[in-house]
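Each chain, letter by letter, is given below.
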Amino acid sequence: MTVTEPGVGTEMTIVRTFAAPRELVFDCLTKAEHLARWWGPREFDAPVCETDVRPGGKIRIDMRGPEPYGTNPVYGEFLEVERPNRMRFVLRAFQEDDGSWGIEHEDTFVFEDAPGGGTLMHMTTLITQVSERMIPALKGMKEGWSQSLDKLDELLPELV
């Protein structure tokens, strides 16, 4: 399916190389103690971060940004966990007054050994639900993920 306007069905792909082994990169994307240190774009942090890394296991990340953003709880669950090769999870955020979610997306990560060392990561995000109010936010999603992954890249040397 080709999507020309942001909305349900929008897909985004990011490919990054990290100078760290696959096991460590995988753990940084699944373990709460690591996620809390890099999750969110620049100027954001994650004061609450909880993960149960197994298929069906829950995810909760409170993403806190500068004003006017405040704190936004993100909830989800792991759909697939194959350490250190692949994982897939669904995340939901920006809960509306009626209890529905402003945005829901499914994220798939594939990790390979990079030529010359390190980890080659392929990330694909598919928007599965989005409210009218949140459609403009989709335009900044790739930049937000890119900034988050930059923060992860800066953290990895401390953990190697």
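Look up: the structure comes first, before these words.
The text that follows walks through the structure, step by step, so that each part is easy to find. (Residues numbered from 1 in each chain as written. Predicted model: local features only at pLDDT ≥ 70, side-chain atom pairs only at ≥ 80, totals over all residues. Heavy atoms only, no water.)

What about helix α4 (residues 141-159)?
For α4, which comprises 19 residues, the first-to-last C-alpha distance of 27 Å matches the rise-based estimate of 27 Å (1.5 Å per residue) to within 8%. Buried within α4 are the following residues: Met141, Gly144, Trp145, Gln147, Ser148, Leu149, Lys151, Leu152, Leu155 and Leu156. In this structure, the buried side of α4 is in contact with β1 (11-18), α1 (22-30), α2 (32-38), β6 (101-113), β7 (119-130) and α3 (135-138). (Helix = DSSP H or I, 4+ residues; strand = E, 2+ residues; numbered from the N terminus. Expected span 1.5 Å × (residues − 1). Buried < 20%, exposed > 50% of the residue type's maximum accessible area, 1.4 Å probe, protein only. Contact = heavy atoms within 4.5 Å.)

Things to note about the packing of α1 against α4
Viewed as axis vectors pointing N to C, α1 and α4 meet at an angle of 120°, and their least axial separation amounts to 11 Å. Relative to α4, α1 is oriented oblique. When you trace α1 past α4, the crossing you get is right-handed. For the pair α1 and α4, the contacting residues are Leu24, Val25 and Cys28 in the first and Leu152, Leu156 and Leu159 in the second. Of the residues that constitute the contact of α1 with α4, the class distribution is 6 nonpolar, no polar and no charged. (Axes fitted to C-alpha atoms, helices over the stretch in contact; angles between N-to-C directions. Parallel < 35°, antiparallel > 145°, perpendicular 65-115°, else oblique. Left-handed = near helix turned anticlockwise from the far one by under 90°. Nonpolar A, V, L, I, M, F, W, Y, C, P; charged D, E, K, R; others polar.)

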